[in-house]
Amino acid sequence: MKVIVLLALWMTLGDSNTLDSCQGRCGYGTDSNFSCQCNSACERFKDCCSAELCKGGSTSCKGRCGEQYNSQNKCHCNSKCKQHNNCCRDYTDLCDSDGGGSVITDAEIKSLSEALYALDMNKASASELIIDPQALVHNSETNSQTDLSYRPLFRYLDEDALFSRPTYAALLALLDNYQRMTGQTEDFTPEQLAEQDTFIRETMSNTELGRELFYFLYTKGTYASEEDFIWDLKMMWFGLYSRNNNKMDSSGFEHIFAGEVKGGKVSGFHNWVQFYLLEKKGLLNYYSHSFNGPWVTYPDVLGMQFKWDGYFKQVGSAVIGCSPEFDFAIYSLCYITRPGKQCRLSLGGKELIIQTYTWDKSFYGDGKKFIGSAFPATPRN
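Residues numbered from 1 in each chain as written. Predicted model: local features only at pLDDT ≥ 70, side-chain atom pairs only at ≥ 80, totals over all residues. Heavy atoms only, no water.

1. Here's the deal with the overall build of the chain
- Across its full length, the chain holds 13 helices and 10 strands.
- Going through the 381 residues of the chain one by one, you find that 51% of them count as buried.
- Approximately 17900 Å² of the chain is accessible, and the part contributed by carbon and sulfur atoms is 50%. (Helix = DSSP H or I, 4+ residues; strand = E, 2+ residues; numbered from the N terminus. Buried < 20%, exposed > 50% of the residue type's maximum accessible area, 1.4 Å probe, protein only. Areas by Shrake-Rupley, 256 points an atom, 1.4 Å probe, with all protein chains shown as cover.)

Take a look at the structure:
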């Protein structure tokens, strides 16, 4: 079947546009049907087509926003092109934040989330992960603190199959780096700081899923380069701020992926891998769930009630069975495009709403806000 598809593509493209050509493909995302790529990330991954079509010959800014000046280009897409009156005709629409470049529609977010969903090659399969949700409670009963489930949530996980993969290994290395109690300063070793960089690199730079997210934000003019994208992710997710007692005790990553304890109860905690690890160690007791997503394969969504070593979580929602890169990507997408708001995704044709919150008490860079929280919102009845 694949041979037939490739043959059909070749016949359609003709001699002027082979599988090694960028004709008609400049700026588009990764396409495994082609032997080389014509997108903004291809140089980093050393899979660019040899043609110069996407460079000097292009009169569009698609896939070129923020690029460095090149005298061979017919027109330009960098921040100084207006000053020199040599911008490409669609610069304002695609790149200029004063024009339409910064506008990302709900439809575009849903389309991208479907692409990320399809690219999640490291998600758990039905044979690799088996859960047992048991008791379902009404929203009005989520604070009863009653254990209605007598078995663990996670019945089986093939750790050998999943945890050996680079993105899972990178996540596991991070999860034990934090003190869960707020009010205690987080102090990282050089090795632990390097683990943060490894996690971002493995999830965003070394997966098609991460590359697709970057490419979308790049073409919308949100980031001028991959370096800007990676730096911003590092700061918004891992930059420290104070939730309690004026101590640098928290970050978006710790709050969402590792979980915290504040005011005598669990705060954050929206990652299924951390849930599994703590339940396996006997440190977490699953009570019930108040909502279950409509998906019949992974990833799925659950809103869970549980106790973490004596501290209760009324509704800890998480995307279950997804890869670390998918979790990181959808929360990043929603925070970057809908900070402090609800973000509507589409996964396999079914809607998932992510609620994001900004941290407004301290900032990084030029007044940017850290991630306060992000999690699957409780569905409307």
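2. Overview of the sheet that holds strand β10 (residues 368-376)
- The strand order β8-β9-β10 describes an open sheet built from 3 strands, whose pairing is antiparallel. Only two strands of the sheet have a single partner each, and these edge strands are β8 (342-347) and β10. Across the sheet, the axes of successive neighbouring strands diverge by a mean angle of 35°, strand direction being ignored.
- The pairing of β8 with strand β9 (residues 350-364) spans 6 bridges and is classified as antiparallel. Counterpart to C343 in the pairing with β9 is I354. (Pairing = 2+ DSSP bridges. Axes fitted to C-alpha atoms, helices over the stretch in contact; angles between N-to-C directions.)

3. Describing unusual backbone geometry
- A cis amide bond links Y298 to the next residue, P299, at an omega of 5°.
- A positive phi is found at N85, a non-glycine position, where the angle reads about 55°.
- Looking at N85, the relative accessible area reads 71%, which means it is exposed.
- One non-glycine residue, Q145, lies in positive phi territory at about 55°.

4. Topic: the nonpolar core
- Ranked by size, the top nonpolar core spans 83 residues in total, and within it W237 and W272 carry the most contacts.
- No other element matches the 9 residues that helix α13 (residues 324-337) contributes to this core.
- Leave out the neighbours within four places in its chain, and W272 touches L129, F154, L157, L162, Y168, A318, V319, I320, G321 and C322.
- Counting residues in hydrophobic clusters, the runner-up holds 6 residues, among them C61, C77, C81 and C88. (Core = buried A, V, L, I, M, F, W, Y, C linked by side-chain atoms within 4.5 Å. Contact = heavy atoms within 4.5 Å.)

5. A few points about the packing of helix α8 (residues 190-205) against helix α10 (residues 226-238)
- Running from N to C, α8 and α10 point in directions that differ by 125°, and their axes come no closer than 11 Å. For the element pair α8 / α10, the angle class is oblique. The chirality of how α8 crosses α10 is right-handed. Residues L193, Q196, D197, F199, I200, M204 and S205 of α8 touch α10, and the partners they reach there are E226, F229, I230, L233, K234 and F238.
- In terms of residue class, the contact of α8 with α10 is built from 8 nonpolar, 2 polar and 3 charged. (Parallel < 35°, antiparallel > 145°, perpendicular 65-115°, else oblique. Left-handed = near helix turned anticlockwise from the far one by under 90°. Nonpolar A, V, L, I, M, F, W, Y, C, P; charged D, E, K, R; others polar.)

6. Looking at empty space enclosed by the protein
- For the coordinates displayed, the defined rule picks out 1 cavity of 30 Å³ or more.
- Approximately 40 Å³ is the volume found for the largest cavity.
- Contributing to the lining of the largest cavity are V137, E141, T142, S144, Q145, T146, L148, Y287, S288, Q305 and F312.
- Its residues assigned to classes, the lining of the largest cavity comprises 4 nonpolar, 6 polar and 1 charged. (1 Å grid on protein atoms, 1.4 Å probe; cavity = no way out; pocket = protein on both sides within 12 Å on 5 of 7 lines; lining within 4 Å. Points joined across faces, edges and corners; volume = space filled by probe spheres on them.)

7. A look at the state of the cysteines
- Considering all chains together, one arrives at 3 disulfides under this definition.
- With a sulfur-sulfur separation of 1.9 Å, C75 is cross-linked through a disulfide to C88. Disulfide C75-C88: torsion about the S-S bond near 90°, hence right-handed. One end of the pair, C75, is in the loop between α2 (42-45) and α3 (81-84); the other, C88, is in the loop between α3 and α4 (91-94), and 13 residues separate them in sequence. Of the two residues, C75 and C88, neither departs from the other in class, the shared state being buried.
- A sulfur-sulfur separation of 1.9 Å characterises the disulfide bridge that pairs C81 with C87. Taking the torsion about the sulfur-sulfur bond, which here is approximately 90°, the covalent link between C81 and C87 counts as right-handed. (Disulfide = S-S within 2.5 Å.)

8. Structural notes on the environment of N246
- Within the secondary structure, N246 sits in the loop between α10 and α11 (252-258).
- Among the residues examined, N246 registers a relative accessible area of 75% and is labelled exposed.
- N246 sits 63 residues away from G183 along the chain, and the two C-alpha atoms are 7.2 Å apart.

9. What to know about the side chain of D132
- Among the structural elements, D132 can be located in the loop between β1 (129-131) and β2 (154-157).
- On the accessibility criterion, D132 (10% relative accessible area) is buried.
- If we skip the residues at most four places from it in the chain, D132 touches R151, P152, L153, R155 and Y286.

10. Digging into the pattern of salt bridges
- A full pass over the atoms with the stated rule returns 13 salt bridges.
- Between D106 and R338 there is a salt bridge, with its nearest N and O atoms 2.8 Å apart. Placement of D106 in helix α5 (residues 106-118) and of R338 in the loop between α13 and β8 is noted, with a sequence separation of 232 residues between them.
- Overall, D106 belongs to the partly exposed group, its relative accessible area being 41%.
- Residue R338 is classed as buried on the basis of its relative accessible area, which comes to 15%.
- Of the charged contacts, one joins D360 and K369 as a salt bridge, the two residues approaching to 3.2 Å between their closest N and O atoms.
- Given a relative accessible area of 44%, D360 falls into the partly exposed group. (Salt bridge = Lys/Arg side-chain N within 4 Å of Asp/Glu carboxyl O.)

Without other data, these values stay purely geometric and don't point to any function.
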